[in-house]
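Chain by chain, the residues run as shown.
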Amino acid sequence: NGLFVVFGFVIAAFFPFLAIYLESRGLSASQVGFVLAAMALARIVANPLWGHQADTRIGRLAALQLGTIGSGAAALAMNRVDGVVPIAIVAAILAAAMVATGPNIDAITLVHLGDERMADYGRIRAWESLSYAAGCVVFGAILQAAGLRWAMPLYAVASLGVLVWTLTFERDRPARGQVHGRLGAVGAVFREAPRFWGFLAATLLVWTGFNAAWNFISLKIASEGGGPLLIGLGTALGGLVEVPVMRRSSRLQSGWGLRRVYALGCTIYAIGFLAWGLIDSPTIVSLLTVFEGAAFALLFTTGIVVIGRLVPSTLYSSANSVAAMVGFGIGPILGAGIGGVLYDRAGTLVLYTCASALALAGAVISWFALDTPVLDEPAAPLAMGLEAEPPPAPGEVPP
């Protein structure tokens, strides 16, 4: 639980304020999109490499620690360079290191939970949403008062917290003697789970729409008169909504099955993106991040459990890394790159209508791609009658 708490502050220090940080460095919306696309390209290259190394050679904990050190150092370097190309290069290095964190945290968690308690992933992940919400408010207030150049140092300090926390963990050992064949552990993922292709197609659509919408929401709020504090409050509200939704995700998966819950998350995104485009008030747009929080909670927790059901535990890091490569690598290239052009030339209504259509298409594709008993039927442990004791909820004292 503690690891998710400290990692939530890392996410809060970075993603909500990245676009306006880049704008404060003198970049236009199109140039912001270029930097985000460069970061996404770095994720595409680095994600499968980190996943293979974590599953087969250095272990998930070591990969997590190395990625934390590298991304923190790159963040500190961001303020030392000027111009779109130098900023894009340093940002790409940061992104290449950063992708070693999330997938390995999730892989470590899935192993900890095991098959019988896998559906309880959302209960643990809710701690990250809680700290993320708190961090958005605190960091938004700091940046409002001290200036946006403090965004990257705050991220580096938060990353140091993750590194320190992981020093208490016992080092894991990758399975030895396994022959994964062509493309190593990444290739083994697709041989073990042919339906993973369809899941990735839905992932690409919904996260392309998300990146087109989310990466420019701060610019929309700022252009209508809002500031970092309002942006922070809105993203904090979205994070707070994630907590109860993630807490309920295990019961939703147990009652509805993973396929229905995933499609529901895509549909909520589609509704939220369209609302962002139709409404001009910065305050209301900020408040409507509740849609983003609810959809993200459903999609992220369900997506991790889908991976846990489809592939063996020895391939968790690789499968998570491939999904992250598509959703947070290719998705941002398409979403942020094209979204920046649409924002500049066509306006926000066109941008958010297109993002909504992509999320809705993701719902349709996932409905067919996940149509298999292991994903369509109620998820363990509740549906199997295994009333395993759940992890404590945020705010509860462990027994």
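In this text the structure is predicted, and so the values were computed from the model without any measurement.

(A) Structural view of the overall build of the protein. The helix and strand inventory of the protein stands at 18 helices and 0 strands. Relative to the compact-globule value of 21 Å for 399 residues, the protein shows a C-alpha radius of gyration of 20 Å, a close match. If one aligns the C-alpha atoms of the protein with their principal axes, the spans along those axes are about 50 × 45 × 40 Å. Residue burial in the protein is summarised as follows: out of 399 residues, 60% are buried.

(B) Examining the nonpolar core more closely. Core analysis: the largest hydrophobic core is formed by 124 residues, its most contacted members being L22, F196 and Y269. If one sorts the elements of this core by residue count, helix 15 (residues 289-310) sits on top with 12 residues. Residues within four places of Y269 in sequence aside, it is in contact with V206, W207, F210, E292, A295, F296, L299 and A359. With 6 residues, the next largest nonpolar core counts A54, A63, V99 and A100 among its residues.

(C) Geometry of the packing of aromatic side chains. Under the definition given, this model contains 18 aromatic pairs. Aromatic side chains Y269 and F273 sit 5.0 Å apart centroid to centroid with 20 degrees between the ring planes, which places their arrangement in the stacked category. In this pair, Y269 and F273 are both assigned in helix 13 (residues 258-278), 4 residues apart and thus about one turn of the helix distant. Assessed through its relative accessible area of 1%, F273 is described here as buried. The rings of W207, F210, W214, Y269, F273, W276, F296, F300 and Y352 are connected pair by pair, giving a single aromatic cluster.

(D) Examining the side chain of T68 more closely. Residue position: T68 is located in helix 4 (residues 60-78). There is a polar contact of 2.8 Å between the side chain of T68 and the backbone oxygen of L64. Not counting residues up to four positions away in its chain, the partners in contact with T68 are T101, S159, V162 and L163.

(E) Spotlight on the state of the cysteines. Evaluated as defined, the whole model comprises 0 disulfides. Summary of cysteine pairing: C266 is not part of a disulfide, and the nearest cysteine sulfur, belonging to C354, is at 17 Å.

(F) A look at the packing of helix 4 against helix 8 (residues 151-166). It is the contact of helix 4 with helix 8, at a shortest axis distance of 8 Å, that shows an interaxial angle of 160 degrees. The orientation of helix 4 with respect to helix 8, classified from their angle, is roughly antiparallel. In the packing of helix 4 onto helix 8, the handedness of the crossing is left-handed. Two secondary-structure elements touch here, helix 4 through L61, L64, Q65, T68, I69, S71, G72, A75, L76 and M78 and helix 8 through M152, P153, Y155, A156, S159, V162, L163 and T166. The class makeup of the residues in the contact of helix 4 with helix 8 is 12 nonpolar, 6 polar and no charged.

(G) Just helix 8, in detail. Counted at 1.5 Å a residue, the expected span for helix 8 with its 16 residues is 22 Å, and the 23 Å between its end C-alpha atoms agrees. Taken as a whole, helix 8 has its buried residues at A151, M152, L154, Y155, A156, A158, S159, V162, L163 and T166. Looking at the packing, one finds that the buried side of helix 8 touches helix 1 (2-14), helix 2 (18-24), helix 4, helix 5 (84-98) and helix 7 (121-146).

(H) Main features of the environment of G238. Following the sequence through the fold, G238 ends up in helix 12 (residues 228-256). Dropping the residues within four chain positions of it, G238 is found in contact with T289, V290 and G293.

(I) Structural detail: helix 12. Taken as a whole, helix 12 carries its principal kink of about 40 degrees at S249. Taken from the residues just after helix 12, G257 is the one with a positive phi, measuring 90 degrees.

(J) Summary view of the pattern of salt bridges. Per the counting criterion, the structure on display carries 6 salt bridges. The salt bridge partner of R25 is D82, with a shortest N-O separation of 2.8 Å. Separated by 57 residues along the polypeptide, R25 in the loop between helix 2 and helix 3 (29-56) and D82 in the loop between helix 4 and helix 5 bring together distant segments of the chain. Assessed through its relative accessible area of 13%, R25 is described here as buried. Given a relative accessible area of 56%, D82 falls into the exposed group.

(K) Local environment of the packing of helix 9 (residues 184-192) against helix 16 (residues 316-345). Their axes nearest at 9 Å, the elements helix 9 and helix 16 cross at an angle of 85 degrees. Our classification of the angle between helix 9 and helix 16 gives roughly perpendicular. Facing helix 9, whose interface residues are A185, V186, V189 and F190, helix 16 presents S318, A319 and V322. A class-by-class count of the residues in the contact of helix 9 with helix 16 yields 6 nonpolar, 1 polar and no charged.

(L) Region of the structure containing the confidence of the model for the protein. When pLDDT is averaged across the protein, the result is 84; 92% of the residues are at 70 or more. Taken element by element, the predicted model of the protein shows its lowest mean pLDDT in helix 11 (residues 217-223) (80) and its highest in helix 5 (95).

(M) Molecular detail of the environment of M118. Locating M118 in the fold gives a position in the loop between helix 6 (102-113) and helix 7. Judged by its relative accessible area of 0%, M118 is buried. Sequence separation between M118 and I304 is 186 residues, and the spatial gap between their C-alpha atoms is 9.2 Å.

(N) Spotlight on the environment of A357. Among the structural elements, A357 can be located in helix 17 (residues 348-369). The sequence separation of A357 and I271 amounts to 86 residues, and the corresponding C-alpha distance is 9.5 Å.

What counts and what doesn't
Residues numbered from 1 in each chain as written. Predicted model: local features only at pLDDT ≥ 70, side-chain atom pairs only at ≥ 80, totals over all residues. Heavy atoms only, no water. Helix = DSSP H or I, 4+ residues; strand = E, 2+ residues; numbered from the N terminus. Rg over C-alpha atoms; globule rule 2.2 N^0.38 Å. Buried < 20%, exposed > 50% of the residue type's maximum accessible area, 1.4 Å probe, protein only. Core = buried A, V, L, I, M, F, W, Y, C linked by side-chain atoms within 4.5 Å. Contact = heavy atoms within 4.5 Å. Phe/Tyr/Trp six-rings, centres within 6.5 Å; stacked < 30°, edge-to-face > 60°. Polar contact = N/O pair within 3.5 Å; in protein donor to acceptor, adjacent residues only side chain to side chain. Disulfide = S-S within 2.5 Å. Axes fitted to C-alpha atoms, helices over the stretch in contact; angles between N-to-C directions. Parallel < 35°, antiparallel > 145°, perpendicular 65-115°, else oblique. Left-handed = near helix turned anticlockwise from the far one by under 90°. Nonpolar A, V, L, I, M, F, W, Y, C, P; charged D, E, K, R; others polar. Expected span 1.5 Å × (residues − 1). Bend = angle between axes of the 7 residues up to and from the residue. Salt bridge = Lys/Arg side-chain N within 4 Å of Asp/Glu carboxyl O. pLDDT = per-residue confidence, 0-100.

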